[in-house]
Each structure stands twice: as structure tokens, then as C-alpha cells.
Amino acid sequence: MDINKLNELKQRAFNVREHIIRMSTDGGCFIGASLSCADLIVYLYDSYLNVTKDTLKDPNRDYFFLSKGHDVPALYGTFAEIGWIEKDRLKNHLKPNDFIYWHPNRNIPGIEFHSGSLGHLLSVAIGVALDCKMRKQTNKVVVVLGDGELNEGTIWEGALVAAAKKLDNLVAVVDRNQFQANIRTEELIPLESIEKKFEAFGWTAHRVGGHDFEAMDNTFRSVKLDEGKPNVVIADTVRGKGLPSIEARADRWFVNFKHDEIDMLLKELHGEEAAKLTSETIVAR
Amino acid sequence: MTYEEILKKLVDEDERFIVMTAENRAAIRNLPNQIGDRFIDTGITEQTLVGSAAGLALRGRIPVIHALATFLTMRAFEFIRTDVGIGNLPVKIVGGFSGFMSDGNGATHQSLEDVSLMRGIPNVNVWCPADEEDMLIGLETVLKSESPFYIRYNNTKPSVSHNKNFEIGKAEVISEGNDVAILVYGFLLGEAVKAKEILEAQGKSVRLINLRTVKPIDEEVILKAAKECKMILTLEDHFLTGGLYSIIAEIFLRNQITAKVVPVAMDNKWFKPVIGQDLLEYEGFTGKQIAEKILKNL
């Protein structure tokens, strides 16, 4: 990846993080997961997915499904930055005049399908991947899963079916931020080794740093889409990435910050002083 | 044409149709060899069956998916509600061995709440054909409709010759009469016909209504029956709660009318897992028992 592209992606992800922070007030959002997958989503839409604003209805486009729907602010932030939706529209977050809320829905251009209930979109992606194969198309289907979402039985049902149907056009990406809602995954339902689990189900597994654009570029470009096996990329990420005051914390999953905290968090993102957060943490939702 | 032949025809004529199952091939045994990759078996995975059908529908397909009614509508309920229902995708959900048709399987396999569950999902319609002939008359119309549909698959032998005009939301009025209106969906129509014969032999007139689609339901026919008949009997191999009896109550309340309604349904219990006539007899669903119930209430 050349230095200009790298800088461009870093800047875009930075802007997306600003959008996410601004959406974490006046009702709030799931900031931790949104920040963990921001780099991943920026990368995928820039360099991996063969889809543009003009090809959103083209049956030959690549498909992207966000199965862990609660991190949709990262997706909306990315859409705003690449010009699929107006940046101003993000101000409609949780407003009755729009459809920008805590989970994705098809009223927003670029959203292929709604999600929110975990463990659904792997199977939906399987249906799309099956159809692409049936029609002898070479487009790929990418689905982002949460690591906590791997608790759901339907992920493993889908893992069996995808391998049985030899869906090598399917790429599952796990946002491995180490947390499920309120607790570290390994403390509750240990997931490792995720690679070995998927490999045992007949998938090809990759693992990469999910905040390292160059590493992601190398890994995603090495994914084989014609060898008869579905693919999984486990992206190691940090919950709350970019904001040290909330990074890797179990209690900053869903947040609804006060306006002055938003200002402080934006400064913190810019590397100025650390935010002094006063709003209570919301652990359970 | 048989059920399978109609599916085969639709697959041949229309590239949208895909036949799927979660490894329950009872209704479609001959199709895998005939339709190639347009047949997809996902294994014993009702949820992935429904989710992947939604994915196929997103690509413009009309998946016709098959599994046991109980497991399809209950194990995969949230997938039907969330992916098919919210998505308003034209997935056709075919439940086999529904209601009393599960015979000796026991309560684990008895789908006596499937109609209730499916009709409660916005966008999802429900069709319960009375027998094989009734099913084959309506099949193409239902499968080609734009909306998601739950279908209570029914290949039982017909007890009447059905009206060939099928319309979604229109009931089939089999006979006119004013003493009692029997409202029925599904395979109990056969017992309703027997009840009608017994009653007519005793000089009673019976309005027999095969509802066909339970959602949308033919409200006009029902309101007319309420107005013109001395009593209504609802007949269903379903729990009393949430099925036809509830639907009638909702219609009457919405229209601010009342009528004498006697239900024959499974009241807060599962049925004795025995076969055929023994089951109907044990649970009180034979034509004779139904006729007696009506006479007692008239």
C-alpha cells in the first residue's frame, strides 16, 4: 500500500471516528464496537469491496453485510466520508425524520439488509453467495461478525452449511475486540482458537491486526476466492479504539455522553488532553 | 398436476423459483433429481434455511422452503419474523405435518400454534388448504404472490369437489344455510362435511365455509354468516388461543358485533398421539361429535 493511500485511509478513519463520537450523545450509541471496527470498514469499502454508489443495485457488485448491527455508526460514518450519504444527515441520528438509529436498515443507501439480532446475517449472506454461484457470477459476499456474536448457534450452523456448499465467494470477518456486551469474551464463553474452530468446520482462516491498514491489505488480498472453501478473517481490534479513556473497557459498550463530554472526547481523539468523563457508565442494555 | 409437478413447472418457467428444505423431503422427494441446482438442502438447520432463503430473495428469487411445521415456525421463528417479515421478502414457508397431521409423533412435533405465530408477523400471510385438491388449485397463485406466505402443506384426499376459482383473501362457501355456519381451515374440512350431512339429515341447514387463506381472511363472508346464521362453529386443529376462534373474536370486536360462537379446537393442551380416526374420536373432532356439539348448542 503506498504512503498516500495509507494516509488517506488513516484520515478517513479518523473522520469516521469523529462521526461516531458525535453520534454517542442525545440518545447515544454503541461506541465501543463502532470504534473497534471503524478501520476495518473504511478499509473494506475503499480497497476490498467492488461496489460504488453507482453500482449499489448491480447484481455483480460485492455484497457487504453487517451482522453485528450495533456498530452501524462506523458504517454510516464511512458512507458519509465516501459520499454515499450527506454528512449532514448523520445529525438525524435518532430523529423521527430519518432512519439513522442503533441498527442498520435498508432505508439508508448502501445497507444491503437490516440487522440487530445477532447470528442472522451469516445465513442471509450464505443465501446471496449461493445465488451468485448459481448465476456463475464472481462477486464476493463479505459479512462482519462480532466476536461475542460467535456465541450464537446459528453462526456454527451457517459455518457448516457454507463449507458444505463450498462457498469460496464468502468472506466472514470477525471484529475480534475481545468483548461481548458486558464482559471479556474469554471470561464468559472462551472463543479461542477461533481460527482452529473455523478450520475444523472446513473454512480457510486468516488473522490480522484490524487497525493496521497495510496488514489488512496484505491479508485480504491473500484470501482465495476460488478454492472451494469459505474464508474467515479474524481482525484483532480494540474496543473503543482511538479514545484511551474508554478503550478496552467493559463498561463503555453503550454510551450516552453529555455534550461537554463529546467535546472532550473529540479533543482526546485529536491527541489533545484526555477526556474527563463524568456520565455514568451503562453496563447493561 | 401434483404438488411436485407444479413446483417443477414453476422452476422451469420462472428463474425466480428455488426449492429448499432443511432435510425434510417428504413433499418433494422427486424434485432433487429433476431441478438440479435449483434444489437446495441445507441440512437440519431450520434457521439457516430461512436466513439463506431471505438472502436468495434479496437476489430476486422466490424460495419455497420445506420443513416440519413445528420446527420451521418455532425453531426458526425469529428468522421468519426478522429476516422474512421485516424484510417483506417473498419466501414461501411450507410447513409439513401440521396440526393433527403429525399423528403419532407426540407433543414435540405438534404444531398447534403455527397459524397463531405466523399470522402475528406483519407482512406474512397464511394459507391452509383443506386437502390436496384445494392446495393444488391455489398453489400457483400463492407461490407467485409478492408477499411472504406460510403454507400448511396438506396432501390429504379431498372430501368435496372444490371451486376452481382461488383468490387470496377469499373463502370458499361450500354450502348455504342459516342454522349454523361451520368455519374451518385445513384438513378438518372432511369432518365438517360429515357433520353437515348428519345435521342436514335432521333437517338443519348448514353453511359450510372453507376459509382457505386465514390471513388475509375473508371478513365479509364471516360477517355475513354472523348476521344470517343462528350460530357459528369454528373448527381447527390448532390451539384455541391465537387461531381461528381468536381471529373471529378480533373481527367481531373490530366491527362491534356479537354472535353465538362455539369453538372446536385444542383448548390449552396437546393431543393424544394416536393415528387417524382414533385421534379425532379421542379429542372430539369427528363429524359426528361436531354435529352433536352443534345440536346441543342450537
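Residues numbered from 1 in each chain as written. Chains lettered and ligands numbered in written order. Predicted model: local features only at pLDDT ≥ 70, side-chain atom pairs only at ≥ 80, totals over all residues.

A. Quick peek at the overall build of chain B. Within chain B one finds twelve helices and twelve strands. If one aligns the C-alpha atoms of chain B with their principal axes, the spans along those axes are about 55 × 40 × 35 Å. Of all 298 residues assigned to chain B, the portion counted as buried reaches 53%. (Helix = DSSP H or I, 4+ residues; strand = E, 2+ residues; numbered from the N terminus. Buried ≥ 20, exposed ≤ 12 C-beta atoms within 10 Å, placed from the backbone.)

B. Geometry of the overall build of chain A. Counting its secondary structure elements, chain A contains ten helices and seven strands. Considering only contacts within chain A whose residues lie at least 6 apart along the sequence, 74% involve residues at least 24 apart. (Contact = placed C-beta atoms within 7 Å.)

C. Broad picture of helix H9 (residues 219-228) of chain B. All names here are of chain B. Turning to H9, its buried residues are Ile 222, Ala 225 and Ala 226. Down the axis of H9, the sector holding all buried residues measures 100°, keeping them to one side. For H9, exposure combined with an orientation more than 90 degrees from the buried face picks out Glu 220, Lys 227 and Glu 228. Check the buried side of H9 and you find it contacts strand E8 (180-184), strand E9 (206-210), strand E11 (231-239) and helix H10 (244-254). (Arc of directions from axis to C-beta.)

D. The domain arrangement of chain B, seen in detail. All names here are of chain B. In terms of domains, chain B is made up of domain 1 (3-152) and domain 2 (172-297). One C-alpha centre belongs to domain 1, the other to domain 2, and the line joining them spans 26 Å. Each side of the interface is counted separately: domain 1 has 24 residues, and domain 2 has 23 residues. Among the secondary structure elements, those contributing two or more residues to the side of domain 1 that touches domain 2 are helix H6 (114-119), strand E5 (125-127) and helix H7 (132-144). Of the residues belonging to the side of domain 1 that touches domain 2, the class tally is ten nonpolar, eight polar and six charged. (Domains from an automatic or database assignment. Nonpolar A, V, L, I, M, F, W, Y, C, P; charged D, E, K, R; others polar.)

E. Expanded view of the sheet that holds strand E2 (residues 141-146) of chain A. Residues and elements named next belong to chain A. In space, the five strands of this open sheet follow the order E1-E2-E3-E7-E6, with parallel pairing throughout. Here the strands that pair on one side only, and so sit at the sheet edges, are strand E1 (63-66) and strand E6 (204-209). Each adjacent strand pair in this sheet contributes to an overall mean axis angle of 20°, direction not counted. Judged from the four bridges that link them, E1 and E2 form a sheet pairing that is parallel. Bridge pairing links Tyr 63 to Val 141 in E2. Each of E6 and strand E7 (231-236) is contacted by helix H9 (residues 213-222), which is oriented at about 170° to E6, the strand it contacts most. (Pairing = 2+ DSSP bridges. Axes fitted to C-alpha atoms, helices over the stretch in contact; angles between N-to-C directions.)

F. Layout of the packing of helix H5 (residues 121-134) of chain A against helix H3 (residues 46-58) of chain B. Viewed as axis vectors pointing N to C, H5 of chain A and H3 of chain B meet at an angle of 50°, and their least axial separation amounts to 6 Å. With respect to their mutual orientation, H5 of chain A and H3 of chain B come out oblique. Here the hand of the crossing between H5 of chain A and H3 of chain B comes out right-handed. Taken together, the residues of H3 of chain B that come into contact with H5 of chain A (itself represented by Ser 123, Val 124, Ala 125, Ile 126, Gly 127, Val 128, Leu 130 and Asp 131 of chain A) are Gln 47, Thr 48, Gly 51, Ser 52, Ala 53, Ala 54, Gly 55, Leu 56 and Leu 58 of chain B. Class assignment of the residues belonging to the contact of H5 of chain A with H3 of chain B gives a composition of nine nonpolar, seven polar and one charged. (Parallel < 35°, antiparallel > 145°, perpendicular 65-115°, else oblique. Left-handed = near helix turned anticlockwise from the far one by under 90°.)

G. Seen up close, the environment of Asp 278 of chain B. Within the element layout of this structure, Asp 278 of chain B appears in helix H11 (residues 276-283). By C-beta crowding, Asp 278 of chain B is classed as exposed, having 12 other C-beta atoms within 10 Å.

H. Spotlight on the interface of chain A and chain B. Contact with chain A, which involves 19 residues of that partner, is made by 22 residues of chain B. Contributing elements (two or more residues each) for the side of chain A that touches chain B: H5 and helix H6 (153-164) of chain A. Here the element with the most residues in the side of chain A that touches chain B is H5 of chain A; it accounts for nine residues. Here the residues of the side of chain A that touches chain B are counted per class, giving ten nonpolar, seven polar and two charged.

I. Main features of the pairing of E9 of chain B. All names here are of chain B. Of all the five residues making up E9, five are buried; the element is thus mostly covered by neighbouring parts of the structure. Both faces of E9 are covered, namely the face carrying Val 206, Leu 208 and Asn 210 and the face carrying Arg 207 and Ile 209. Examined bridge by bridge, E8 and E9 share five bridges and lie parallel to one another. Across the sheet, the residue bridging to Val 184 is Asn 210, located in E9.

J. Up close: unusual backbone geometry. Cis geometry marks the peptide bond from Glu 192 of chain A to Ser 193 of chain A; its omega dihedral reads 0°. By secondary structure assignment, the location of Ser 193 of chain A is in the loop between helix H7 (185-188) and helix H8 (194-200). Of note, the bond from Lys 215 of chain B into Pro 216 of chain B is cis; its omega dihedral lies within 30 degrees of zero at -5°. Position of Pro 216 of chain B among the secondary structure elements: in the loop between strand E10 (213-215) and H9.

K. Structural context of H10 of chain B. Residues and elements named next belong to chain B. When H10 is considered as a whole, its buried residues turn out to be Leu 244, Tyr 245, Ile 247 and Ile 248. Taken end-on, H10 shows its buried residues confined to a sector of 160°, consistent with a single buried face. Relative to its buried face, H10 has exposed residues pointing more than 90 degrees away, namely Glu 250, Leu 253 and Arg 254. Those residues of H10 that are buried lie in contact with E8, E10, H9, E11 and strand E12 (261-266). Downstream of H10 by one or two residues, Gln 256 has phi in the positive range, about 55°.

L. The arrangement of the sheet that holds strand E4 (residues 92-96) of chain B in detail. Residues and elements named next belong to chain B. Here we have seven strands laid out as an open sheet, ordered E2-E1-E3-E4-E6-E5-E10, and mixed in their pairing. Of all strands in the sheet, those with a lone pairing partner are strand E2 (39-41) and E10, marking the two edges. Put simply, the sheet's adjacent strands are angled 20° from each other on average, direction ignored. Pairing between E4 and strand E6 (residues 149-152): four bridges, direction parallel. Paired with Lys 92 across the two strands is Phe 149, which belongs to E6. Contacts from H3 reach strand E1 (17-21) and strand E3 (62-68) within the one sheet, and its direction differs from that of E3 by about 170°.

M. Here's a closer look at the nonpolar core. One finds Ala 125, Val 143 and Val 173 of chain A together with Ile 65, Ile 182, Leu 183 and Ala 192 of chain B to be the most contacted residues of the largest nonpolar core, which totals 176 residues. With nine residues, H5 of chain A is the single largest residue contributor to this core. Residue contacts for Ile 65 of chain B: discarding those within four places in its chain leaves Met 20, Thr 21, Leu 49, Val 50, Ala 53, Val 91, Lys 92, Ile 93 and Val 94 of chain B. (Core = buried A, V, L, I, M, F, W, Y, C linked by C-beta atoms within 7 Å.)

N. Region of the structure containing the pairing of E8 of chain B. Residues and elements named next belong to chain B. Most of E8 sits out of view: five of its five residues are buried. In terms of handedness, the path from E8 via helix H8 (residues 189-201) over to E9 forms a crossover that is right-handed. Across five bridges, the pairing between E8 and E11 is parallel. Within the sheet, the bridge partner assigned to Val 184 lies in E11 and is Leu 235. (Right-handed = clockwise from strand over helix to strand, strands pointing away.)

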